[in-house]
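Topology and contacts: notes
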Amino acid sequence: MRNGTCQKNAGETRRNLAAKSEYSTVNPTIAGRENVAKQRIDHDRLFKELLSTFFEEFLLLFFPDVYEYIDVHHLSFLSEELFTDVTAGEKHRVDLLVETKVKGEDGLVIVHVEHQSYTQRTFPERMFLYFSRLFQKYRRRILPIAIFSYDEQYDEPSSLVMQFPFLTVLDFRFLTVELCKLPWRAYIRHANPVAAALLSKMGYNEDEKVDVKKEFLRMLVRLELDEAKQRLLFGFFETYLRLSEEEEIQLRHEVSQMETKEAKRVMELIVSYEQRGMEKGIQQGIEQGMKQGRQQGIEEGKLDVVKRMLAKGYDVDTIHELTGLPVEMIEKVRQ
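Attention in this report is confined to the structure presented alongside it. The structure displayed is predicted, hence computed values, not measured ones.

1. Let's talk about the sheet that holds strand 5 (residues 108-116)
Spatial strand order, 1-4-5-6-9: five strands in an open sheet with mixed pairing. Here the strands that pair on one side only, and so sit at the sheet edges, are strand 1 (76-77) and strand 9 (175-178). Sheet analysis places strand 1 next to strand 4 (residues 96-101), joined by two bridges and oriented antiparallel. Bridge pairing in strand 4 links S76 to E99. The sheet contacts of helix 5 (residues 123-138) involve strand 4, strand 5 and strand 6 (141-148), and relative to strand 5 the element is tilted by about 150°.

2. Some points on the nonpolar core
F58, L59, F62, V113, L198, L199 and F216 are the most contacted members of the largest nonpolar core, which totals 69 residues. For this core, the leading source of residues is helix 7 (residues 209-223), giving eight residues. Sequence-distant contacts of F62, that is, excluding residues within four places in its chain, are made with V177, L179, L182, Y187, V194 and L198. F123, M127, A146 and F148 belong to the second largest nonpolar core, which has nine residues in total.

3. Side note on helix 7
Helix length check: helix 7, at 15 residues, gives a terminal C-alpha distance of 21 Å against a target of 21 Å (1.5 Å per residue), a fit within 8%. The buried fraction of helix 7 amounts to 13 of the 15 residues, a majority that puts the element mostly inside the structure. Looking one or two residues beyond helix 7, the residue adopting positive phi is E224, at roughly 50°.

4. A word on the packing of helix 7 against helix 9 (residues 245-256)
Look at helix 7 against helix 9: their axes get within 10 Å of each other, and the N-to-C directions meet at 50°. In terms of orientation, helix 7 and helix 9 fall into the oblique class. Judged by the sense of rotation from one axis to the other, the crossing of helix 7 with helix 9 is right-handed. Facing helix 7, whose interface residues are K209, V210, D211, K213, K214 and L217, helix 9 presents E247, E248, Q250, L251 and E254.

5. As for the environment of Q116
With respect to the secondary-structure elements, Q116 resides in strand 5. For Q116, a relative accessible area of 1% corresponds to the buried category. Along the backbone, Q116 and F148 are 32 residues apart, and their C-alpha atoms lie at a distance of 4.9 Å. In this structure, Q116 is in contact with F123, R126, I147, F148, S149 and Y150, ignoring residues within four places of it in sequence. Only 3.0 Å separates the side chain of Q116 from the backbone oxygen of Y118, close enough to count as a polar contact.

6. Section: the pattern of salt bridges
If you walk through the whole model with that rule in mind, you get 21 salt bridges. For D155, the salt bridge identified is with K181, shortest N-O distance 3.2 Å. Linking D155 in the loop between strand 6 and strand 7 (159-164) with K181 in the loop between strand 9 and helix 6 (193-198), this pair joins segments that are 26 residues apart in sequence. Given a relative accessible area of 26%, K181 falls into the partly exposed group. For E238, the salt bridge identified is with K213, shortest N-O distance 2.8 Å. Residue E238 is found in helix 8 (residues 227-240), and its partner K213 is found in helix 7; the two are separated by 25 residues along the sequence. Like K213, E238 is buried.

Cut-offs used in this document
- Residues numbered from 1 in each chain as written.
- Predicted model: local features only at pLDDT ≥ 70, side-chain atom pairs only at ≥ 80, totals over all residues.
- Heavy atoms only, no water.
- Pairing = 2+ DSSP bridges.
- Helix = DSSP H or I, 4+ residues; strand = E, 2+ residues; numbered from the N terminus.
- Contact = heavy atoms within 4.5 Å.
- Axes fitted to C-alpha atoms, helices over the stretch in contact; angles between N-to-C directions.
- Core = buried A, V, L, I, M, F, W, Y, C linked by side-chain atoms within 4.5 Å.
- Buried < 20%, exposed > 50% of the residue type's maximum accessible area, 1.4 Å probe, protein only.
- Expected span 1.5 Å × (residues − 1).
- Parallel < 35°, antiparallel > 145°, perpendicular 65-115°, else oblique.
- Left-handed = near helix turned anticlockwise from the far one by under 90°.
- Polar contact = N/O pair within 3.5 Å; in protein donor to acceptor, adjacent residues only side chain to side chain.
- Salt bridge = Lys/Arg side-chain N within 4 Å of Asp/Glu carboxyl O.

Structural data, given as structure tokens:
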């Protein structure tokens, strides 16, 4: 299961673990720490946007037992919590806090979801510190959940135990989702937007990438979401799973072999998003050309778009329809 993709960065992960760990004994440079922080914030922002938009679907997909008890009609997203670790001289930001109720009870509870994009030996300690500080502030029951999205199979602990031979002082536990270990094919029949987006981080091999994207597109078509939510899922998926030009051509070929009606809807989806990308590329070329004060810059931007579309197997008429560029210009580039 994802023996290719899931472990493709295993060596790099091990080499850079000390630099990435917030509790590392190695003192990274300020520049290195800022770079790591930026990478972490980018991942966390993507996951936070996905889960805050589809929180109910997230619980239903991965924790159906929890979903049965949680009152999903009473959900309130709390503001970000920022904690300072005075000893380590570091700041930690809680990813997602949701205030809700347990069905049949009056009191409020808090669900804390933490996303982790890299391995960290002391992660359970950090989860406990978050838990204790959140409890200190809110004085409510807290359900902690961790989502692990790194590209390496690893036996991630889900508890922190502190004990003596004569007494267990602490037995802290939290729920976990280890995306890398999940078989992606087991989730393609779920009518769930979270499942669709997270196919890009599940257990697939490198030679399955085209199949993964094809099934993602089929799920997206079946979900029939509004444009904003559809764009969110597409952007999330494309961030973590991108195909080469050869793989994109293979994808179109496989889509064309699908049942006619479904193939048409999937192809329309592909074309609509590529059209947005092409239009953006053309506009960027025009803006760059105007900035440089040269017509040549504008033309180069247009020609680059045409070359990329031709490389992906688009015919001249389709490129003309999507970009509005003259057929003569496109024919000239193709020759």
